[in-house]
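Overview (structure and organization)
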Amino acid sequence: MTQNRLNSRPDLPRGVRRYTPDDLPVMTDIFNESALGGTSSPVLRAFSLKEMTFFVDCFVKEGDPIYVLERAGEVVAWLIVNRFCWGAQACRLTGEVSIYVRNDHIGSGVGIRLGQAAVVLAKRYGFETLVAWIIEHNEASKRGVQGLGATQWGRFPGIARFADTRADVVLYGLHLTPSDTAPTPLSAPAQTEEASLA
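Since we're looking at a predicted model, the values are computed, not measured.

Looking only at helices and strands, one finds four helices and seven strands in the chain. For the chain, the succession of helices and strands along the chain, N to C, is β-α-α-β-β-β-α-β-α-β-β. In the chain, which comprises 198 residues, the proportion classed as buried is 46%. Taking all contacts inside the chain whose residues are at least 6 apart in sequence as the whole, residues at least 24 apart take part in 68%.

Following this line, the structure appears as structure tokens:
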């Protein structure tokens, strides 16, 4: 793994905490902003609160970390690190990260903070590798993962379709060195919920 100041911190960034069911309505709103915002999300319709609850519960049952980021007492972004969607057994030590940021906080550094949190959580949950799927023209997300040291590992040309427009999907990845990863089971909860660092 390429070590840099963004991916080498041991603690969660300030304001990042494990989600609670009370967060689900605002998590749903943030998710839907992304889904309805045009062509940066693979989801093309809004989710109901019931659908989001089911979606999140599936990850909770798998023991995957779901965390939110608060600013001024409001949840403004959230993330999931789940097991890689292909090759669930052979790739069981690869985490797939998804980050959702409220529209009025895009470009404020929130995405980078959650990217840092994803690296910390991946190590705590025993993952050896992190990957992220990104729509090709989502420059903010690409800059964010590149800032954490991730590099492009693959491209799937024209597989995303938005009305009459097609877009490539790119896969970014980041190896976590064995000495960096925690020897805890994937389903083990993180022990420290709040970070002391800004």
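A word on the pairing of strand E4 (residues 94–101). The buried fraction of E4 is high, at six of eight residues. The pairing of strand E3 (residues 74–83) with E4 spans seven bridges and is antiparallel. Bridge pairing in E4 links Leu79 to Ile99. In this structure, E4 lies alongside strand E5 (residues 129–135), joined through three bridges in parallel fashion. From the neighbouring strand, Thr94 faces E5, where its bridge partner is Thr129. Taken together, E4, helix H3 (residues 110–124) and E5 constitute a β-α-β crossover, and its handedness is right-handed.

The subject of this paragraph is the packing of aromatic side chains. Scanning the model with the defined rule gives eight aromatic pairs in all. Among the aromatic residues, those joined into a ring-pair cluster are Phe31, Phe47, Phe55, Phe59, Trp78 and Tyr100.

With a phi close to 50°, Ala72 is a non-glycine residue in the positive phi region. Counting through the fold element by element, Ala72 comes out in the loop between strand E2 (66–71) and E3.

A surface patch of nonpolar side chains, amounting to about 280 Å² of accessible area, comprises Trp133, Phe156 and Ile159. Mapped onto the secondary structure, Trp133 falls in strand E5. Taking relative accessible area as the criterion, Trp133 reaches 34% and is therefore assigned partly exposed.

A few words on the pattern of salt bridges. Counted under the stated rule, the structure contains 11 salt bridges. The residue Asp23 makes a salt bridge to Arg17 at a minimum N-O spacing of 2.8 Å. Neither residue differs from the other here; Asp23 and Arg17 are each classed as buried. Several salt bridges converge on common partners, so that one network encompasses Glu136, Glu139, Lys142, Arg155 and Asp168.

Attention now moves to the side chain of Thr129. One can find Thr129 in strand E5. The exposure class assigned to Thr129 is buried, which follows from its relative accessible area of 9%. Within the local environment of Thr129, its side chain forms a polar contact with the side chain of His175, the two groups lying 3.4 Å apart. When near neighbours in sequence (up to four residues on either side) are disregarded, Thr129 contacts Leu93, Thr94, Gly95, Trp153, Leu174, His175 and Leu176.

The next thing to look at is the pairing of E3. Across the 10 residues that make up E3, a large majority, eight, are buried. As judged from the six bridges shared by E2 and E3, these two strands associate in the antiparallel manner. Residue Ile66 lies in a different strand from E3, and its bridge partner there is Ile80. Here E2 folds back onto E3 in antiparallel fashion, the turn holding two residues, of which Ala72 has a positive phi close to 50°.

By way of backbone hydrogen bonds, the strands of a sheet pair with one another, either parallel or antiparallel. Strands sit in the order E1-E2-E3-E4-E5-E7-E6 across an open sheet of seven strands; the sheet is mixed. The strands lining the two open edges of the sheet, one partner per strand, are strand E1 (16–18) and strand E6 (151–162). Taking each pair of neighbouring strands and ignoring which way they run, the sheet shows an average axis angle of 25°. Taken strand by strand, helix H2 (residues 49–62) contacts E2 and E3, and its axis lies near 50° from that of E3.

Basis of the calculations
- Residues numbered from 1 in each chain as written.
- Predicted model: local features only at pLDDT ≥ 70, side-chain atom pairs only at ≥ 80, totals over all residues.
- Heavy atoms only, no water.
- Helix = DSSP H or I, 4+ residues; strand = E, 2+ residues; numbered from the N terminus.
- Buried < 20%, exposed > 50% of the residue type's maximum accessible area, 1.4 Å probe, protein only.
- Contact = heavy atoms within 4.5 Å.
- Pairing = 2+ DSSP bridges.
- Right-handed = clockwise from strand over helix to strand, strands pointing away.
- Phe/Tyr/Trp six-rings, centres within 6.5 Å; stacked < 30°, edge-to-face > 60°.
- Patch = residues over 30% accessible without salt bridge, like charges linked within 9 Å, V, L, I, M, F, W, Y side chains within 5 Å.
- Areas by Shrake-Rupley, 256 points an atom, 1.4 Å probe, with all protein chains shown as cover.
- Salt bridge = Lys/Arg side-chain N within 4 Å of Asp/Glu carboxyl O.
- Polar contact = N/O pair within 3.5 Å; in protein donor to acceptor, adjacent residues only side chain to side chain.
- Axes fitted to C-alpha atoms, helices over the stretch in contact; angles between N-to-C directions.

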